[in-house]
Amino acid sequence: LSLAIASAAAATAGSRLMRAHDPAHFEELSLVLEANIGDLDGEVVLHAETGQPIEKLALVSPTGQLMHMIDATGGGGIGLSELRLETGEPTVAEVQRVFPAGEYLVRAMSTTGQLFMDKVCISHELPTEWAILSPMDGDVIPRDGVLVEWSTDSMASRYTLEIEDEEDEQRMLATMQTGVSSFEVPASLLLPDTEYQVVVVAHAESGNRVVRELYFRTAP
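In this report, we go over the structure that sits alongside the text.

Let us look at the packing of aromatic side chains. Going through the model one piece at a time under the given rule, you end up with 5 aromatic pairs. Between phenylalanine 26 and phenylalanine 116, the ring centres sit 6.0 Å apart and the planes meet at 50°, which makes this aromatic pair tilted. Residue phenylalanine 26 is found in the loop between α1 (8–17) and β1 (28–36), and its partner phenylalanine 116 is found in strand β6 (residues 115–122); the two are separated by 90 residues along the sequence. We classify phenylalanine 116 as buried; its relative accessible area is 3%.

If you want it as C-alpha cells, here you go:
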C-alpha cells in the first residue's frame, strides 16, 4: 500500500459508495504501528475480518481523509474473506506524520451488499526502552543450548520470540508471559555450524509493536 493520502474527492466518493445498508460490525479489526529498530523503519498494519466475502474496503483518517480504498470487485464475485494490509516502510517519523494518532473509520461492503463499519484507534506510543542482552549479534555459540535474554519496557505487555535457521527449515516461536525476559533454546533443537536469526518483539497494550533482531552462529 502506498503511504500517499488520497484526495478529499476520493473520500467523498468512497463514502457514497458504502452508504447503502445498515452497517454491521467487523468480527476482528485492528490498526497498529510497528517499528523495526535494526532497520530504522516503520509501517502501519490493518487487519480486518467480517465473516463475509468483501468487495470493497475504505480506511478514513481522523480528519476525514481517505487513506486507502481497496476494490476486489474484479475477483469473479468471490471477494476477500480476510484482509491484512501493510503500508510501505519509510522511517517511523514519516509513518507517524502520514498516519496521525487518533480514531479511524473503516468501512467495508460484502459481495451481498452488506455494509460493515467500525472505528479503530491508532497510537504513536512505542515500547522502545529495551534491548536484547544476549546473545550478541554475530556471536559464535557452543551447541549446548542458547539463552536469549532481553531487558524489559514498562510499556510492553508481552514479548514474542522467533528463531529461524538460515535455510528457513527450522523455526521456533514462543510468547512470553508478563515478567518473563528470557528463553532457552535447547541444544537438541540446534544444528552445528548454522546461522540463526533471533527476532524479539515487544507488544504494547495498544497493539503497537517494536521489533529487534540479531544473528548468531552455532559452533561446528
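Let's pick the thread back up.
Right, let's talk about a negative patch on the surface for a bit. There is a patch of like negative charges on the surface, built from Asp39, Glu89, Asp137, Glu195 and Glu213. Along the chain, glutamate 195 falls in strand β13 (residues 195–204). Take glutamate 195: its relative accessible area is 31%, and that puts it in the partly exposed class.

The next point concerns the pairing of strand β14 (residues 209–218). In terms of burial, β14 is largely enclosed, as 7 of its 10 residues are buried. In the sheet, β1 pairs with β14 via 3 bridges, with the strands oriented parallel. Note that in β14 the partner of alanine 35 across the bridge is valine 210. In terms of strand pairing, strand β8 (residues 140–141) meets β14 through 2 bridges, oriented parallel. Looking at the pairing, isoleucine 141 lines up with threonine 218 of β14.

Further remarks concern unusual backbone geometry. Following serine 134, the chain continues into proline 135 via a peptide bond in cis, with omega recorded as -5°. Assignment of secondary structure puts proline 135 in the loop between β7 (132–134) and β8. Its identity is not glycine, yet leucine 40 carries a phi of approximately 60°, on the positive side. By the secondary structure assignment, leucine 40 is in the loop between β1 and β2 (41–60). Judged by its relative accessible area of 64%, leucine 40 falls in the exposed class. Of note, aspartate 193 is a non-glycine position whose phi angle comes to about 50°, a positive value.

One finds Leu57 and Val200 to be the most contacted residues of the largest nonpolar core, which totals 46 residues. With 6 residues, the top contributor of residues to this core is β2. In this view, valine 200 contacts Trp130, Ile132, Val148, Trp150, Tyr159, Thr160, Leu161, Val210, Val211 and Arg212; residues no more than four positions away in its chain are not counted.

Thresholds applied
Residues numbered from 1 in each chain as written. Predicted model: local features only at pLDDT ≥ 70, side-chain atom pairs only at ≥ 80, totals over all residues. Heavy atoms only, no water. Phe/Tyr/Trp six-rings, centres within 6.5 Å; stacked < 30°, edge-to-face > 60°. Helix = DSSP H or I, 4+ residues; strand = E, 2+ residues; numbered from the N terminus. Buried < 20%, exposed > 50% of the residue type's maximum accessible area, 1.4 Å probe, protein only. Patch = residues over 30% accessible without salt bridge, like charges linked within 9 Å, V, L, I, M, F, W, Y side chains within 5 Å. Areas by Shrake-Rupley, 256 points an atom, 1.4 Å probe, with all protein chains shown as cover. Salt bridge = Lys/Arg side-chain N within 4 Å of Asp/Glu carboxyl O. Lys, Arg positive; Asp, Glu negative; His and termini not counted. Charge placed at Lys NZ, Arg CZ, Asp CG, Glu CD. Pairing = 2+ DSSP bridges. Core = buried A, V, L, I, M, F, W, Y, C linked by side-chain atoms within 4.5 Å. Contact = heavy atoms within 4.5 Å.

That is the geometry; function is a separate question.
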